[in-house]
Amino acid sequence: MASLPSIPGELASADVASGVVRLTVREELYPLDAVFAAAFTFIKDCWVVVDRADAAHWAIALTPKTAGANAELLEQWVGGFANELLACAYRHRLAKDHRATVEAVTAAALAGALGPPSLDELEDFDFSNEAFEDPLGIAMSWEDKYGKKAKAGDAAPAGSTDDDDGGAP
Amino acid sequence: MRLAPLGELATRHAVAFRFRAIGDRVLVTNPEGRWLVLTADEFDAYTRDRVPADSPLHARLAGANFLADHYDLRAAVEMVRARKRFVHHGPNLHMAVVTLRCNETCVYCHASRADMDAVHTDMTREVAEQTVDFIFKTTSPFVTIEFQGGEPLVNFPVVQHLIEYALDKNRAAKKQLEFTMVSNLAMMDDAKLEYLLSKKVQLCTSIDGPAPLHDKQRVLPMASSYDHASRWIKRINDAYAAAGLDPTLYHVEALLTTTRATLPQWKEVVDTYVALGCRALFLRPIDPFGFAAKTGPKLEYPRREYLEFYRRAVDYMIELHGRGTEILERYAAIFLTKILGGVDPNFLDVRWPAGAGLGALAYGYDGRIFTCDEGRMLDAMGDDAFAIGHVATSKYRDVVGHETVRAVTIASNLDATPDCVDCTYQPYCGVPPSHSYKTQGTIFGRMRESALCEVYKGIQDYLFEKLATGDAATRATLERWTTHRPREHFLQDGATGSPGPGTKPVAPRP
């Protein structure tokens, strides 16, 4: 592997004979999603491998699909990848910082697309009187749940927990 | 386009915008599809959060909803809702293949036509009725039944029966019903035309360019297919005019299939369409379906050459338009309606989620149901991946909720598609999963390698270049191409209100 003329050797190197260029980028700067996004833009023209170089760096290998790669061409691939990676990292940040807004807008815009339930769905509804588990007493009336203070010795109503009077004497 | 070092790029002041170089400027789009073209310096200031609050640029950014502090949530919601209005309805376009038989032999036939003696590929009256019964189960209040083939005029009695049966059924259903027919017109005669006009069937045909090119690609034994098509186009247009219909709105639509031989003839193609009285030209690249899968090596071309062809042809159309000739390019009109109009014309091949199953269904001559016409074409090639039922036995909800429909819906979600999720054109785009499946072997297309993605990106690059740098007359022409004038004459009696949410413009299948 040889270094490329205008690119620091610790960032990229090229094997001109094999037509492959290898890059290493810092993980703290470039999240994996951004590396994948940038790498994806090269799949038409290159064979692409993304791997971990070490604990702090990603490694990317680009091998142009067409034969006859020279140092100049490989250097262009490196430059192109670097620019795309920067753009992808920025887009990644934008998407991450504004994800909640985008999701809120989309959800509000599409609300109602499902429409009201149809008769088919009504047919599937369980109209039986079978009891179901209700450990929190959600289906109970207020009176059943909180209404009458239990006399001493009475069993506490289902679902009630502590003394509703807040422990007053 | 230049970006500052990552550490100097700000995000909190902005929205989740996307960006792309357009010449020496930068196009930015926001999630709801509003856009601005910025100079390099403006883009630099925006990305570094260095736009003075009292500057014109700040006003532009705020006005187009690009600033977090001024973000108009309600406006964003309304625009996304307008762009996705088609998800609120069920399938409205229903393509009925009434026969595979065809009298013409096209070098690229996408429909895998059958010979004229293959009568077993004719739809029967019984299947036609079952097809209509199934169509009217759609939850959509808008129904367009499109007759396709093969050549639908070959099985004209069943076309008539299907129309009569549908009209009868619609007396109770009261859908907003329309009929369209895609025909090469060579088997048209006076009686058929009189019937089709009386039933308000919208007619569409194929024109591949000047007569020599058209006849070479669309072979009609012992005759000129161009002569037949052009003669009937004129007859039909004259009939519309005689009925008092506005000829600028009511005329035969035609469609082009671009082959390698078409590319140098961009001017002749446009001139041919203008001479035939067509107001729209759809510069479609060749598809990989049907016979084209085999003849592709002779007909195909690099998509960059297609995009050169496209630019030359559309430049010429803009020039003609400026001189008073009404002609538009259909792809441009579709994208511009989204870009300038803020709504989606619901062209099923350029939307997301995809129209397959959700917006359209295709019905084979034998009653089998497919998510889309391309799915039916693939089936004819021996791959039934997009077959989702049969009109005689399937329940509507089982078809529309079929696992294949769900799969293509997920696969066509550009918010979850690599590359598309970051693409500046994401609000306006969409690639049919059937195309990715045929060309790449997966419904989850790899867009960087997709010929269709290359075409769509190239067209939108061209349009934004024109919008950014074109003169006032050019921009006015592009604005005018977004004008939608409903053809209410084609609505069946009893239908009320404005036409439906739009359909894929009738697409002739050779």
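From a predicted model like this one, the values you see are computed outputs, not experimental measurements. (Residues numbered from 1 in each chain as written. Chains lettered and ligands numbered in written order. Predicted model: local features only at pLDDT ≥ 70, side-chain atom pairs only at ≥ 80, totals over all residues. Heavy atoms only, no water.)

Draft legend 1. Structural detail: the pattern of salt bridges. Tallying each qualifying case throughout the model produces 36 salt bridges over all chains. In this structure, D115 of chain B engages R113 of chain B in a salt bridge whose closest nitrogen and oxygen atoms are separated by 2.9 Å. Residue D115 of chain B is classed as partly exposed on the basis of its relative accessible area of 47%. Connected through salt bridges with shared partners, the residues K65 of chain A together with R446 and E449 of chain B form a single ionic network. (Salt bridge = Lys/Arg side-chain N within 4 Å of Asp/Glu carboxyl O. Buried < 20%, exposed > 50% of the residue type's maximum accessible area, 1.4 Å probe, protein only.)

Draft legend 2. The arrangement of the interface of chain A and chain B in detail. In this complex, chain A contributes 30 residues to the contact, which on the side of chain B involves 33 residues. Both faces combined, the contact of chain A with chain B buries some 2900 Å², and carbon together with sulfur accounts for 67% of it. Of all residues in chain A, the largest losses of buried area upon contact with chain B belong to F40, Y90 and R91 of chain A, amounting jointly to 23% of the total for that side. On inspection of chain A and its partner chain B, the count reaches three salt bridges. Here D97 of chain A ties to R12 of chain B by a salt bridge, and the two come within 3.8 Å at their closest N and O atoms. Contributions of two or more residues to the side of chain A that touches chain B are made by α1 (32-40), α2 (71-97), α3 (99-110) and α4 (119-123) of chain A. The leading source of residues in the side of chain A that touches chain B is α2 of chain A, at nine residues. (Contact = heavy atoms within 4.5 Å. Buried area = accessible area lost by both parts, 1.4 Å probe. Helix = DSSP H or I, 4+ residues; strand = E, 2+ residues; numbered from the N terminus.)

Draft legend 3. Region of the structure containing α2 of chain A. For α2 of chain A, spanning 27 residues, the distance from its first C-alpha to its last is 39 Å, which sits close to the expected 39 Å at 1.5 Å a residue. Where α2 of chain A starts, the residue carrying a side-chain oxygen 3.2 Å from the main-chain nitrogen of E72 of chain A turns out to be N70 of chain A. (Expected span 1.5 Å × (residues − 1). Polar contact = N/O pair within 3.5 Å; in protein donor to acceptor, adjacent residues only side chain to side chain.)

Draft legend 4. Examining the domain arrangement of chain B more closely. Residues and elements named next belong to chain B. Annotation of chain B at the domain level lists domain 1 (6-60 + 69-83) and domain 2 (85-102 + 121-399 + 484-490). Relative to domain 2, the C-alpha centre of domain 1 lies at a distance of 39 Å. Contacts between the two partners involve five residues from domain 1, matched on the other side by eight residues from domain 2. Buried surface at the junction of domain 1 and domain 2, summed over both partners, amounts to about 560 Å²; 46% is from carbon and sulfur atoms. When the buried surface of domain 1 facing domain 2 is broken down by residue, W35, A82 and R83 rank first, second and third, together holding 80% of it. Counting across the domain 1 and domain 2 interface gives zero salt bridges. Across the contact surface, domain 1 and domain 2 share three residue pairs in polar contact (both at pLDDT 80 or more). Top contributing element to the side of domain 1 that touches domain 2 by residue count: helix α3 (residues 73-83), with four residues. Considering only residue class, the side of domain 1 that touches domain 2 consists of three nonpolar, no polar and two charged. (Domains from an automatic or database assignment. Nonpolar A, V, L, I, M, F, W, Y, C, P; charged D, E, K, R; others polar.)

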